[in-house]
Each structure stands twice: as structure tokens, then as C-alpha cells.
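The lines below spell out each chain.
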Amino acid sequence: MGTGYQRILLKLSGEALMGSLAYGIDPAIVHNIAEQVAEVVSSGIQIAIVVGGGNIFRGVKGAAAGMERATADYIGMIATVMNAMTLQDALEQMDVPTRVQTAIAMQEVAEPYIRRRAMRHLEKGRVVIFGAGSGNPFFTTDTTAALRAAEINAEVIFKATKVDGVYDSDPKTNPEAKRYESLTYQHVLAHELQVMDSTAIALCKDNDIPILVFDLSVKGNIRRAVMGESVGTVVGGSCAIK
Ligand code: UDP
């Protein structure tokens, strides 16, 4: 395949699983994601997934409603485990061997996060889904994606969104909005572009992990991205800003 990527970290937000629903998980969307992952795994590419929980619970919202922030964040992390198990089920129904590892121990339903074991699973062609974020409140699953990508030596983060990349203004309201082909970490940080939160971007910058922002709802996009087709915006160290 085109880019030579061997190990990819796919970041799925909770909202990516929600589809057009107002809350929760849309089975058709999960099926579509699982199909795309299965397609790429069958070609020998290793995929690890970090999944968010915003479709179920967000710590910041809980805190805004009066909860203690750390408690609310733990609930958010537990929400991500539901998404992780849902994805695992969809992948296994397609005969893709999958393991869920959680950063908060729940050994009745998932393995605990063990870096070396996760890497071994990947080498054996299993998809590894990381649930419960980083295990620490006050963090996000975007930051978790950057952390896990660095830990498992993933060559790239595929950040799935509902738009086909990063624009200079909102393409929904501005028909003149321009999509960036590539951007530097520095540009994203300086202009506070909504790619990932600044902690996640900084971690990717320090560890030189490129981020591809792309539209997951278009079938086959994970494969196209692996093949090196231009399906979104790449954020990296020395990319020219176009
Ligand atoms: N969370 C956390 N620590 C982490 C990752 C997540 O406390 O390392 C909590 C946080 O409350 C967050 C929620 O889990 O709001 C769901 O994760 P996130 O908002 O990142 O999900 P996404 O936006 O990707 O759906």
C-alpha cells in the first residue's frame, strides 16, 4: 500500500459513533466503521483505536451541572468503555480478532492496559481498542490518542471527523472556506484550530507523530488514506501550508 504505514492509531470520537442520533450509538455507523477497519486490517496493516465517549457523557458538562470535575471525568472514561465494547462486537462479527484494553481496570469485561501486550496483539493482527482514556481525569481521549500512539510506536494518527479536513473557516457557513492540504503543529497551536486539543497537539509535536484529519463517513476512506490518497488534512512538522 502507498504510504508504507504499518501501524496506525485511529481516533474515533464518541460523536463519530452517534451518526445523526442525538445521543448514544448508531449501529449502522458502527458497522460502517468496522467494515473500513476490517478492510485495512486484512491487508496486513496494524490498527489500534482510541475511542471517545462524548456521545454518552462528557466530564466538562457534568462539572458545569455541578458535579465534581474529577468524578464527572471518571464517568466520561467509563462511557468510552461502552463504545469500545460496541466496536469490539462489530469487529468480531466480521471475524476481526479484537482486544479491548482499559486504563481503568475492569477485568471482567476487558484486559487492563499493558503496553507490551497491546503491541503483541497488534503484531498478531489483532485490533486493539483502548478504552477509559488515559485513566486520568482532566485529560481527553485526543490526548490519550497522542499518548498511546507514542507508546506503541504508531506512525500516524488518523483522526476521524465529519468533515474532510481542516478549513480556514467553517465550510458549513462559508462557501468560500478553503481546506488545508497540510499544516504544521505550530500553525494549529497558534491559530487554535479545532484539530485536537492543545495538549494532544503538543504531544504529537514533541514525538513527531503526524495527524491526518479525515471524514470517516465516506466508505473506504481509511483504505484511501493508507494508500496515500488525499482524503483530508495532514498536520505535521514541516508540511507546507497550502
Ligand atoms: N476523559 C478523562 N480522561 C481521559 C480521557 C477522557 O477524564 O484521559 C473523560 C472526560 O470527561 C471526557 C470523557 O472522558 O469528557 C469522554 O472523552 P472525550 O470527551 O475525549 O470524548 P470524545 O470527544 O472523543 O467523544
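What you see is a predicted model; the values in this text were computed from it and never measured.

Asker: Can you lay out the site of the ligand for me, pointing to particular residues and giving the numbers?
Answerer: In the vicinity of the ligand lie 21 residues, with Gly14, Asp73, Ser134, Asn136 and Thr141 positioned nearest. For the ligand, an oxygen atom lies 3.4 Å from a polar atom in the backbone of Met77. At 2.7 Å from a nitrogen atom of the ligand is found a main-chain nitrogen or oxygen belonging to Asn136. Expressed as a share of its isolated accessible area of 520 Å², the protein-covered part of the ligand is 93%.

Asker: So what's going on with the UniProt feature "binding site: ATP" (unreviewed entry) in the chain? Residues and values would help.
Answerer: Taken from the UniProt record, the annotation "binding site: ATP" (unreviewed entry) applies to Lys11, Leu12, Ser13, Gly14, Gly54, Arg58, Thr161, Tyr167 and Asp170. The greatest C-alpha distance among the residues just named is 25.6 Å, and with 160 residues of sequence between them they are spread in space as well. Looking only at the residues we just named, the largest pocket is lined by Lys11, Ser13, Gly14, Gly54, Arg58, Thr161, Tyr167 and Asp170. Relative to the helices and strands, Lys11 is located in strand 1 (residues 7–12). A relative accessible area of 2% places Lys11 in the buried class.

Asker: Help me get a handle on unusual backbone geometry, residues and values and all.
Answerer: A positive phi is found at Ala132, a non-glycine position, where the angle reads about 65°. Counting through the fold element by element, Ala132 comes out in the loop between strand 5 (127–131) and helix 5 (141–151). Look at Phe138: it is not a glycine, yet its phi comes out positive at around 75°. Along the chain, the position of Phe138 falls in the loop between strand 5 and helix 5.

Asker: Mind laying out helix 1 (residues 27–41), listing which residues take part and the relevant values?
Answerer: With 15 residues, helix 1 should reach 21 Å at 1.5 Å per residue; the first-to-last C-alpha distance of 21 Å fits that figure. Among the residues making up helix 1, those that are buried are Val30, Asn32, Ile33, Ala34, Gln36, Val37, Ala38, Val40 and Val41. Tucked into the core, helix 1 has its buried residues touching strand 1, strand 2 (46–51), helix 3 (69–93), strand 5 and helix 8 (221–227). Where helix 1 begins, one side-chain oxygen reaches toward the backbone nitrogen of Ala28, 2.9 Å away; that side chain belongs to Asp26.

Asker: So what about the nonpolar core? Which residues, and what values?
Answerer: Counting residues in hydrophobic clusters, the biggest one holds 34 residues, and the most contacted among them are Val37, Ile49 and Phe158. Looking at this core, the elements that each hand over two or more residues are strand 1, helix 1, strand 2, helix 3, strand 5, strand 6 (156–161), strand 8 (211–215) and helix 8. Per-element tally for this core: the top contributor is helix 1, with 7 residues. If sequence neighbours within four positions are ignored, Val37 has contacts with Leu10, Ile47, Ile49, Leu91, Val127 and Ile222. Judged by nonpolar contacts, the second largest core, of 30 residues, contains Leu9, Met119, Tyr180 and Tyr185.

Procedures and definitions
Residues numbered from 1 in each chain as written. Predicted model: local features only at pLDDT ≥ 70, side-chain atom pairs only at ≥ 80, totals over all residues. Heavy atoms only, no water. Near = heavy atom within 4 Å. Polar contact = N/O pair within 3.5 Å; in protein donor to acceptor, adjacent residues only side chain to side chain. Areas by Shrake-Rupley, 256 points an atom, 1.4 Å probe, with all protein chains shown as cover. UniProt positions renumbered as here; feature names shortened; annotations may be inferred. 1 Å grid on protein atoms, 1.4 Å probe; cavity = no way out; pocket = protein on both sides within 12 Å on 5 of 7 lines; lining within 4 Å. Helix = DSSP H or I, 4+ residues; strand = E, 2+ residues; numbered from the N terminus. Buried < 20%, exposed > 50% of the residue type's maximum accessible area, 1.4 Å probe, protein only. Expected span 1.5 Å × (residues − 1). Contact = heavy atoms within 4.5 Å. Core = buried A, V, L, I, M, F, W, Y, C linked by side-chain atoms within 4.5 Å.

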